[in-house]
Amino acid sequence: MTTEPRTRRASDCLTQLTRAARRYTDRTERRDRNKAVLATAGVLYADDPERVGKRLARLGADWSLARAIERAPSAPAATASSTLSLPPDRFGRELLGLERLIGRTDLTPVAFLEEGVLAARPVGRVTVGGPGGGHGTGFLVSPALLLTNHHVLGDQEEAARGEVAFAFQDGVGGGPLVPAVFGLEPRRFFVTDERLDFSLVAVAPHGTRGEALSSYGRLTLSAAQGKVVIGESVTVVHHPRGEPKQLALRDNRVVDVLDDFLHYESDTQPGSSGAPVFNDQWEVVALHHSVVPRTDEQGRPLSVDGTVRQPDMGEARLAWKANEGVRISRVLRALHAMSPGGETARLRDEVFTGGPSAPAVPAVSVVPAAPPGSAPPAPTAADGAAADGARAARGADGTTGLTVPLWVTVGVGPSGYAATVVGADGAPPVSAPPPPPTPLAPPVGPPPAAPGAGAAATAPSGTASAAGRDVTAALVSLRLAQDRPYYDRTADRAAREAYYAGVGDLNGDALRRALTGLLERTHAPRPRYQPIRLVYPWVDLHQDGRLHGVYSGRDFAPEEFIRADAAVAEGRLTRVRELLLHESTAGPAEFEAEFDALEEAMPFNCEHVVPQSWFAKQEPMRGDLHHLFACEAGCNSFRGNFPYIDFPEVREAVRDACGRREDEGFEPEQGRGTVARATLYFLLRYPGLVGDAPREFPPERLPTLLTWHDSEPVSEYEQHRNAAAAEIQGNRNPLIDHPGWSGRIDFTGVWHT
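The structure displayed is predicted, hence computed values, not measured ones.

(A) View of the nonpolar core. L56, L98, Y551 and Y644 are the most contacted members of the largest nonpolar core, which totals 107 residues. In terms of residue count, helix α11 (residues 462-481) provides more of this core than any other element does, nine residues in total. When neighbours within four sequence positions are excluded, L56 is seen to be in contact with L44, A61, D62, W63, A66, L98 and L101. Residues V191, A202, A334 and V351 belong to the second largest nonpolar core, which totals 32 residues.

If you want it as structure tokens, here you go:
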């Protein structure tokens, strides 16, 4: 706040400062570690791998593509153009955003500025009149509610003396615009949380001069993880010290992520109380609430002259060293936990429902508000509202989308079971808002992209568009693979020695346990099953740049597999829609059968050398790259879920180009050593998972795997696969790195008992 007399507000502000300083001090060791990793390794490695994976996913990327870009030659200079040697038709804003995240370029699309103009519209200056009054920042998060700090609006009485002014800023020509002032209506809605330092209050639907609150839109909040990671730059739009609206454009870097807060540092000015903190996609990631002050030995905040700060000192005299924001997902979780009723519940629920953000405005001109006393302007098409309740908005890609009152989101959980609805960040909802209504027919496109939701967070227009993005990303990875060394023997030797440095000279069950622990600890991140992106463009490539069927040895262009995988994804969505529309009784079994039939109908497939039925298609087993291989669908189907076996030459068996099969097992035509080592890895990584059902790999067939392993030496292809998989998911296959260990490991403990 700008003015801080000796009131409750001054006390609250001092409390927040003291708590922020304590949290910052307690995290010194972790924060220093984060900064060291950022300096030596980069943004991809400072945060938790799962969080980074979710961040990449929101950017339309994945670990494979990120690592490919990271290792691609960086030329020309990072500030001149993209650092990737790709043709223009393969380059888009997603790749530019990924390059910027990794730190290879500072470039950003021009649309970033246009979207920023829209994102700034719902941000206003909060003013509290009367004794102890002052200024802060707030922003609209629903058609009627404004979010700010608890220490800005601490109670209903204080909020009743408040107002918010939008467009309190300079126009394009440098002159000030006439702000639109709206009263606050805490009697209609007001909630506050002192610990998380937020307050949510209703705003009058019309301004003092008749302006419509709806013309300023909203910032849609998301509880999803992956909106920002340690090392990223964030932008703050605010009214510092009550001044006209300003922004600190990518001027703060996130240095730590706590359970409820973010810490971000800047070389310039601190943020303003109640301001939104944005990522590069203009998604709100935090509610700015406090600077981290410099303190004395007793933890008391200091002023710029080194004296202990007094409550009546303004912000300008506070000595500060960082900023702290409340994670927006935690604000939403707190709102979820509330149990309001009636009109209060309806207003609360609007925060969680998607809707139009700020209406589109001209990209190069800003029209000042009409002078005082004149009639408010009539609504125009730019307001985005239609009489029937539909609303149009321009998406980040330049297209125009129409949001109508009905929308459906369809989700199918693992193994076809319906996904469980939970609250923000996985917390069970308490009186959570109801889901949006389901229409009689599926929508033909997504809700429009909007500031605050971010381009990457926009719902895909069906699996078809998601599959299209997968194809684009996979082809980019494939193109970048051409510029990478297929296998760097020297680098891999060093990585191998470092990885097993702590294993020691063990044998028997002790060695097996040590390896199992190592494989589990270092399995991070744990990518989900996505062969189109993670297997075909790089991991499973052979020296000739092509994919080879793991059982037949036949070679294929990687693009064939990539496009076939995308076709399966498109077919899945089409069939889901048909089942939802015409088969009202369709359940998990029907969905599974349809999906399996779709995959079998395609010419190519991804083979799990340990069949998915043995682990119920669960992650992380399903997406573990060490046992995923390119395969023709016919070979995949021919093998089925039969365990491997070594048929005697004189034994008759059903033959195929992929191998031989009888009721008791399957013997591949090619790649016996390769699949044996992949299976042995699986047994070490997931002990107790195999052997708990008939037809799974029995212990008495272990000699078959060991024989195949010994008879077919590790190839450069497998060494490449091992290094590429480790690059993405962290762990390695010990039987590839140390083939001789097969005779030293006691595998007895890996089977289900």
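(B) View of a nonpolar patch on the surface. There is a patch of nonpolar side chains on the surface, built from L113, L247 and L249 and spanning about 290 Å² of accessible area. The topology assignment puts L247 in strand β9 (residues 246-257).

(C) Expanded view of helix α4 (residues 49-58). Every buried residue of α4 is accounted for by R51, V52, R55, L56 and R58. Down the axis of α4, the sector holding all buried residues measures 160°, keeping them to one side. Between the side-chain oxygen at the start of α4 and the backbone nitrogen of E50 there is a gap of 3.0 Å, and the oxygen is on D48. Note on α4: the residue one or two positions beyond its end, G60, has a positive phi of about 75°.

(D) Summary view of the pairing of strand β21 (residues 659-662). Of the pairings in the sheet, the one linking strand β20 (residues 654-656) to β21 comprises three bridges and is antiparallel in character. In the sheet register, V654 faces β21, and the bridge partner there is R661. In textbook terms, the turn of a hairpin is the stretch between consecutive antiparallel strands, and for β20 and β21 this stretch comprises two residues. In this structure, β21 lies alongside strand β22 (residues 665-668), joined through four bridges in antiparallel fashion.

(E) Structural context of the sheet that holds strand β1 (residues 123-128). Read from one edge of the open sheet, seven strands run β5-β4-β1-β2-β3-β7-β6, paired in antiparallel fashion. The open sheet has two edge strands, β5 (180-183) and β6 (190-193), and neither has a second partner. Between one strand axis and the next, the sheet turns through 30° on average, direction left out of account. As judged from the six bridges shared by β1 and strand β2 (residues 134-140), these two strands associate in the antiparallel manner. Opposite G124, over in β2, you have G138 as the bridge partner. Its contacts with the sheet place helix α9 (residues 328-336) against β3 (145-148), β6 and β7 (198-202), and it is angled at close to 60° to β7.

(F) Highlighting the sheet that holds strand β8 (residues 233-238). Read around the closed barrel, six strands run β8-β9-β10-β13-β12-β11, paired in antiparallel fashion. Strand-to-strand twist of the sheet, defined as the mean angle between neighbouring strand axes without regard to direction, takes the value 45°. Relative to strand β11 (residues 276-278), β8 is paired through two bridges, and the arrangement is antiparallel. When the sheet's bridge partners are listed, V236 is paired in β11 with V277. Most of the contacts of helix α2 (residues 28-40) go to β9, to which it runs at about 110°, and overall it touches β9 and β10 (261-265).

(G) Fine view of empty space enclosed by the protein. Under the counting rule described, the total for this entry stands at seven cavities of 30 Å³ or more. Estimated volume of the second largest cavity: approximately 120 Å³. Along the walls of the second largest cavity sit 14 residues, with R51, K227, V228, V285 and R327 positioned nearest its centre. Classifying every residue of the lining of the second largest cavity gives seven nonpolar, three polar and four charged.

(H) A look at the pattern of salt bridges. All told, the structure shown has 38 salt bridges when counted by the stated rule. Ionic pairing is found between R348 and D349, a salt bridge with its closest N-O pair at 2.7 Å. The two residues R348 and D349 agree in class, both being buried. Residues joined by salt bridges that share partners form a network here, namely R195, D260, R330 and R333.

(I) Summary view of the confidence of the model for the protein. Scored by pLDDT, the protein comes out at a mean of 80, with 74% of its residues at no less than 70. The low-confidence segment residues 1-6 (pLDDT under 50) makes 24 contacts with residues lying over four places distant or belonging to another chain. Low pLDDT, under 50, characterises residues 76-80; the stretch is placed with 11 contacts to residues that sit more than four places away or in other chains.

(J) Structural detail: the state of the cysteines. Counted under the stated rule, the structure contains one disulfide. The side chain of C635 participates in a disulfide bridge whose partner is C658; the two sulfur atoms lie 1.7 Å from each other. Residues C635 and C658 are joined through a disulfide that is left-handed, its torsion about the S-S bond being -75°. You can see C635 sitting in helix α17 (residues 633-639) and its partner C658 sitting in the loop between β20 and β21, a full 23 residues away along the chain. The burial state of C635 is the same as that of C658; both residues are buried.

(K) Representation of the packing of aromatic side chains within the structure. Using the criterion set out here, one finds 16 aromatic pairs in the structure. When the ring of Y551 is compared with that of Y644, the centres are 6.4 Å apart and the planes differ by 70°; the resulting orientation is edge-to-face. Of this pair, Y551 sits in the loop between β16 (547-548) and β17 (555-556) while Y644 sits in the loop between α17 and β20, and the two are 93 residues apart along the sequence. Classification of Y551 by relative accessible area gives buried; the value is 0%. A residue is classified by how much of its surface remains accessible, and Y644, at 1% relative accessible area, is buried.

(L) Local environment of unusual backbone geometry. Cis peptide bonds are those with omega within 30 degrees of zero, and the linkage from A524 to P525 qualifies with 0°. Along the chain, the position of P525 falls in the loop between α13 (508-521) and α14 (531-539). In this structure, P620 follows E619 across a cis peptide bond, with omega equal to 5°. Secondary-structure assignment places P620 in the loop between β18 (604-608) and β19 (628-632). Residues other than glycine seldom take positive phi values, yet A616 does so here, at roughly 55°. Within the element layout of this structure, A616 appears in the loop between β18 and β19.

(M) Focus on the side chain of E350. Along the chain, E350 falls in helix α10 (residues 342-350). Residue E350 is classed as buried on the basis of its relative accessible area of 18%. Excluding anything up to four places from it in sequence, E350 contacts S142, P143, A144 and R218.

Criteria and thresholds
- Residues numbered from 1 in each chain as written.
- Predicted model: local features only at pLDDT ≥ 70, side-chain atom pairs only at ≥ 80, totals over all residues.
- Heavy atoms only, no water.
- Core = buried A, V, L, I, M, F, W, Y, C linked by side-chain atoms within 4.5 Å.
- Buried < 20%, exposed > 50% of the residue type's maximum accessible area, 1.4 Å probe, protein only.
- Helix = DSSP H or I, 4+ residues; strand = E, 2+ residues; numbered from the N terminus.
- Contact = heavy atoms within 4.5 Å.
- Patch = residues over 30% accessible without salt bridge, like charges linked within 9 Å, V, L, I, M, F, W, Y side chains within 5 Å.
- Areas by Shrake-Rupley, 256 points an atom, 1.4 Å probe, with all protein chains shown as cover.
- Salt bridge = Lys/Arg side-chain N within 4 Å of Asp/Glu carboxyl O.
- Arc of directions from axis to C-beta.
- Polar contact = N/O pair within 3.5 Å; in protein donor to acceptor, adjacent residues only side chain to side chain.
- Pairing = 2+ DSSP bridges.
- Axes fitted to C-alpha atoms, helices over the stretch in contact; angles between N-to-C directions.
- 1 Å grid on protein atoms, 1.4 Å probe; cavity = no way out; pocket = protein on both sides within 12 Å on 5 of 7 lines; lining within 4 Å.
- Points joined across faces, edges and corners; volume = space filled by probe spheres on them.
- Nonpolar A, V, L, I, M, F, W, Y, C, P; charged D, E, K, R; others polar.
- pLDDT = per-residue confidence, 0-100.
- Disulfide = S-S within 2.5 Å.
- Phe/Tyr/Trp six-rings, centres within 6.5 Å; stacked < 30°, edge-to-face > 60°.

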